[in-house]
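Survey of secondary and tertiary structure
What follows is the residue order along each chain.
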Amino acid sequence: MNPAADAPVPPDSALADTVLERLVSVYAPAADPVRAAGAAAYMKHVAPFLGIPTPERRALSRTVLAGAGRPDEADCTAIALRCWRLPEREYQYFAADYLRRYAGRCTSGFLPVLHHLVTTVPWWDTVDVLAAHVAGPLVAADPALAREMDRWIDDPSLWAARTALLHQLRYREATDTDRLFGYCLRRADHPDFFLRKAIGWALREYARTDPTAVRDFVEGAGTRLSPLSAREALKNL
């Protein structure tokens, strides 16, 4: 459950010191052991939980961040990595929400940190937020990073590959369809549910923009796509 020993070292950050001190002091007293047990079971025990419902957690987060100021990339890095070192999942939710809010403060240099986050204590609950709302904006801001996504799609970690599949989820008309369809075919034969589901989800989302292209792609792919991926892709068509 703990990050690997070779995890990136959080940089010095006075803002992170303040935020983490507030975060623990505000979140910990709100813990509910009964809810925590249920949440951990629902998430297949990927991590322990405090048991704070999402609306309450986000209200507490606003208290934590009141007057804290805007971060730079080093602050974002320090806050994320330090939250990932804490055992309870809600701290990682806080970090994912924080990065979603401040993704625009980060540059291409943040990508190795993001890779650590999506491959450490990985599950869909954090990975999907980071894929669509952090990886996606980073690549949109620096198109050269698309080549990194080309590497992630073949990453040994299925969660890095899922991030590559989902990073264009909010691109709509700006979607690189060659990459989207190419990624789907490159991982189409992977047996894992979460990759097959991600393929279908990415296609289904793009179908809101170009349903004909998605329908033609799925028909052309034929049995190369799993039934799950094809079904998800065409769900709303």
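Residues numbered from 1 in each chain as written. Predicted model: local features only at pLDDT ≥ 70, side-chain atom pairs only at ≥ 80, totals over all residues. Heavy atoms only, no water.

1. What about the pattern of salt bridges?
Inspection of every chain in the model, using the stated rule, returns 14 salt bridges. Measuring nitrogen to oxygen at the nearest pair gives 3.5 Å for the salt bridge that ties arginine 58 to aspartate 97. Placement of arginine 58 in helix α3 (residues 54–65) and of aspartate 97 in helix α5 (residues 89–102) is noted, with a sequence separation of 39 residues between them. Taking the relative accessible area as the measure of exposure, aspartate 97 reaches 21% and is therefore partly exposed. Salt-bridge contacts for arginine 204 lead to glutamate 232; the nearest nitrogen and oxygen are separated by 2.6 Å. Residue arginine 204 is found in helix α11 (residues 193–207), and its partner glutamate 232 is found in helix α13 (residues 227–233); the two are separated by 28 residues along the sequence. Taking the relative accessible area as the measure of exposure, arginine 204 reaches 18% and is therefore buried. Here the residues in one salt-bridge network are Lys197, Arg204, Glu232 and Lys235, joined through shared partners. (Salt bridge = Lys/Arg side-chain N within 4 Å of Asp/Glu carboxyl O. Helix = DSSP H or I, 4+ residues; strand = E, 2+ residues; numbered from the N terminus. Buried < 20%, exposed > 50% of the residue type's maximum accessible area, 1.4 Å probe, protein only.)

2. Overview of the packing of helix α10 (residues 177–186) against helix α12 (residues 211–221)
Running from N to C, α10 and α12 point in directions that differ by 30°, and their axes come no closer than 12 Å. Here α10 is positioned roughly parallel relative to α12, judged by the angle of their axes. Regarding α10 and α12, the two cross each other, and that crossing is right-handed. Along its contact with α10, which presents Phe181, Cys184 and Leu185, the element α12 presents Ala213, Phe217 and Ala221. A breakdown of the residues in the contact of α10 with α12 according to their chemical character gives 6 nonpolar, no polar and no charged. (Axes fitted to C-alpha atoms, helices over the stretch in contact; angles between N-to-C directions. Parallel < 35°, antiparallel > 145°, perpendicular 65-115°, else oblique. Left-handed = near helix turned anticlockwise from the far one by under 90°. Contact = heavy atoms within 4.5 Å. Nonpolar A, V, L, I, M, F, W, Y, C, P; charged D, E, K, R; others polar.)

3. A few points about the confidence of the model for the protein chain
With 97% of its residues at a pLDDT of 70 or more, the protein chain shows a mean pLDDT of 96. A low-confidence stretch, residues 1–5 (pLDDT under 50), is modelled with 8 contacts involving residues beyond four sequence positions or located in other chains. (pLDDT = per-residue confidence, 0-100.)

4. Digging into the environment of alanine 59
Here alanine 59 shows up in helix α3. Along the backbone, alanine 59 and isoleucine 79 are 20 residues apart, and their C-alpha atoms lie at a distance of 18 Å.

5. Considering unusual backbone geometry
Backbone geometry at histidine 45 places phi at a positive 60°, although glycine is not the residue there. In this structure, histidine 45 sits in the loop between α2 (33–42) and α3. Phi is positive for valine 121, close to 50°, though the residue is something other than glycine. Within the secondary structure, valine 121 sits in the loop between α6 (111–119) and α7 (124–141). Judged by its relative accessible area of 9%, valine 121 falls in the buried class.

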